[in-house]
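Coordinates in review
Here's the letter readout for the chains.
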Amino acid sequence: MIHTRLGRTGLRVSRLVLGTVNFGGRVEEPEAHRLMDHALAQGINVVDTANTYGWRVYKGHTEEVIGRWLAKQPNRRDQVVLATKVGDPMGDGLNDQGLSARNIVAGCEASLRRLGTDHIDLYQMHHIDRSVGWDEIWQAMDLLVTQGKVRYVGSSNFAGWDIASAQEAARRRNGLGLVSEQCVYNLVTRHPELEVIPAAAAYGLGVLVWSPLHGGLLSGVLRKIRDNDAVKSAQGRAAEALLEHRDTIEAYEKLCADFDTDPAQAALAWTLSRPGVTAAVIGPRTERHIDGALAALTSPPPEALLSQLDQLFPPVGRGGPAPDAWLS
């Protein structure tokens, strides 16, 4: 199935989400437009961004790129489930970050201007802000929903108990509350299985997974390094994790080779097969990356391969790393 419902809502979304964190700095605007064209033509109807994306150029740049793409065709906006985020710093001002009512409403207005639209389908809190009470947050979100500027509210990078506290506060206000949580989850980072995914399931939230390839670590990084073809997978989180997990990654790439399966497709297919996962957020730089992700969804690797991945990357409590190991 390429499409499914987002949690307990009636909204139909693709099981692959087009992430746009690479737009601006890694993917220039003409190519970004081609990628969005290709994704939409293949049935990927969710475009996910954030107000801070595009920071390599300037914060807000990516929303502007998406807005110009949406404006190219009059009916395109109706075909897209548009998701963005609020909460991370947009400037140096005292109130230019966080989840105050002021910043939530002002952030939404600014995102709408950059995106060139009158509504956001999924407005996500980028991170928890425990300095702000839920009554204030839900008052601001309810205002935006009542005004028609936001359709649904989601969270990102929340702990399980944050999801619970948000939903109980929304319930007291007779509100819908959160409909989705966007969290990091992959073979290397399995701690969301402990509390985040169960909490999302208990409250009827869809789970959107970011970094299903752990920043490229699970994309065949050793082969790419040998071929001098590593870009993102040789940087940041993936490069740091490779130092710790090199033996496991070698065994992983050998296992994929034994099954004649691309490592990136194997890792993505594993994530999509996990209980409670609604969709995976991909960050393609080429149309080939989109096609490979679609293949992981429509023609997944053999079950024998997927089952062996649990032995290489055991869950927490069965030999896997502690929940905070990915941050160290």
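Structure: above.
A brief structural summary. Please read all numbers here as calculations on a predicted model, not as lab measurements. (Residues numbered from 1 in each chain as written. Predicted model: local features only at pLDDT ≥ 70, side-chain atom pairs only at ≥ 80, totals over all residues. Heavy atoms only, no water.)

Overview of the side chain of N51
Stated precisely, the cut-off is as follows: Only runs of H or I of at least four residues qualify as helices and only runs of E of at least two qualify as strands under DSSP, and these elements are numbered from the N terminus. By definition, residues are in contact when any of their heavy atoms lie within 4.5 Å.
Mapped onto the fold, N51 is located in the loop between β4 (46-48) and α2 (61-70). If we ignore the near neighbours within four places in the chain, the residues touching N51 are K59, G60, E63, T84, K85, V86, G87, M90, S111 and R114.

Focus: unusual backbone geometry
A positive phi angle, near 55 degrees, is found at S211, a position not held by glycine. Topologically, S211 is positioned in the loop between β9 (206-210) and α8 (221-226). Non-glycine residue H214 carries a positive phi angle of around 50 degrees. Residue position: H214 is located in the loop between β9 and α8.

Looking at helix α1 (residues 29-41)
Heads up, the rule is: Residue count minus one, scaled by 1.5 Å, sets the expected span of a helix.
The end-to-end C-alpha separation of α1 is 18 Å, in line with the 18 Å expected for 13 residues at 1.5 Å each. Once α1 finishes, G43 follows within two positions and takes phi at roughly 100 degrees, a positive value.

Considering the packing of aromatic side chains
Threshold: Aromatic rings from Phe, Tyr and Trp, with only the six-membered ring used for Trp, were paired whenever their centres fell within 6.5 Å, and each pair was classed as stacked if the ring planes differed by under 30 degrees, edge-to-face if by over 60, and tilted otherwise. Burial classes: relative accessible area under 20% of the type maximum marks a residue as buried, over 50% as exposed, and values in between as partly exposed (1.4 Å probe, protein chains only).
For the coordinates displayed, the defined rule picks out five aromatic pairs. Their ring planes at 55 degrees and their centres at 6.2 Å tell us that W134 and F158 sit as a pair that is tilted. Note that W134 is positioned in helix α5 (residues 134-146) and F158 in the loop between β7 (150-156) and α6 (160-172), a separation of 24 residues in sequence. Each of the two residues, W134 as well as F158, counts as buried. Consider the rings of Y252 and F313, whose centres lie 5.6 Å apart with planes at 75 degrees: the pair is edge-to-face. Note that Y252 is positioned in helix α9 (residues 236-258) and F313 in the segment after α12 (303-312), a separation of 61 residues in sequence. We note that Y252, like F313, is buried.

Focus: α12
Quick reminder of the rule: Arc definition: it is the arc formed by the directions from the helix axis to the C-beta atoms.
Restricting attention to buried positions, one finds in α12 the residues L305, L306 and L309. Viewed along the axis of α12, the buried residues span an arc of 95 degrees, placing them on a single side of the element. Residues of α12 that are exposed and angled more than 90 degrees away from the buried face: E303 and Q311.

A look at the nonpolar core
How we decide: Nonpolar cores are built from buried Ala, Val, Leu, Ile, Met, Phe, Trp, Tyr and Cys residues. Side-chain atoms within 4.5 Å join them into one set.
Grouped together as the largest cluster of nonpolar side chains are 82 residues, with contacts concentrated most on L16, Y123, M125, W138 and Y252. A total of seven residues in this core trace back to one element, the largest contributor, which is α9. Apart from residues lying up to four places away in sequence, Y123 is in contact with T84, K85, V86, I104, G107, C108, M141, L144, V150, Y152, V153 and G154. Counting residues in each nonpolar core, the second largest holds twelve residues, with L11, V17, V179 and A279 among its members.

Section: the pairing of strand β10 (residues 279-282)
How we decide: Two strands pair under a simple rule: DSSP has to find at least two bridges between them.
Side-chain alternation along β10 places A279 and V281 on one buried face and A280 and I282 on a second face that is also buried. Note: strand β3 (residues 16-19) against β10, three bridges, orientation parallel. Within β10, the position partnered with V17 by the bridge is V281. Direction of pairing for β9 relative to β10: parallel, over a ladder of two bridges. Directly across from V209, in β10, lies its bridge partner A280.

Focus on the environment of P74
You can see P74 is positioned in the loop between α2 and α3 (76-79). Judged by relative accessible area, P74 falls into the exposed class, the value being 83%. In this structure the C-alpha to C-alpha distance between P74 and N103, which are 29 residues apart in sequence, comes to 30 Å.

Section: the sheet that holds strand β8 (residues 178-184)
Operational definition: For every element, the axis is a line fit to its C-alpha atoms; helices are fit only across the contacting stretch, and the angle between N-to-C directions ranges from 0 to 180 degrees.
Within the closed barrel, the eight strands sit side by side as β3-β4-β5-β6-β7-β8-β9-β10. Their pairing is parallel. Direction aside, the axes of adjacent strands within the sheet are offset by 30 degrees on average. Here β3 runs beside β4; their pairing, made up of three bridges, is parallel. Across the sheet, G19 pairs through a bridge with D48, a residue of β4.

A closer look at the pairing of strand β6 (residues 120-125)
Filter applied, for reference: Crossover handedness is defined by viewing with both strands directed away from the observer: a clockwise path from the first strand over the helix to the second marks the crossover as right-handed.
Where burial is concerned, most of β6 is hidden: six out of the six residues are buried. Two elements, strand β5 (residues 81-86) and β6, share four bridges in a ladder whose sense is parallel. Bridge assignment links K85 to a residue of β6, and that residue is Q124. For the crossover that starts at β5, traverses helix α4 (residues 101-115) and ends in the parallel β6, the hand is right-handed. Note: β6 against β7, five bridges, orientation parallel.

Some remarks on the environment of V57
Within the fold, V57 resides in the loop between β4 and α2. Considering only alpha carbons, one finds V57 and G25, 32 residues apart in sequence, at a separation of 6.4 Å. Discounting residues that sit within four places of it in the chain, V57 has contacts with G24 and G25.

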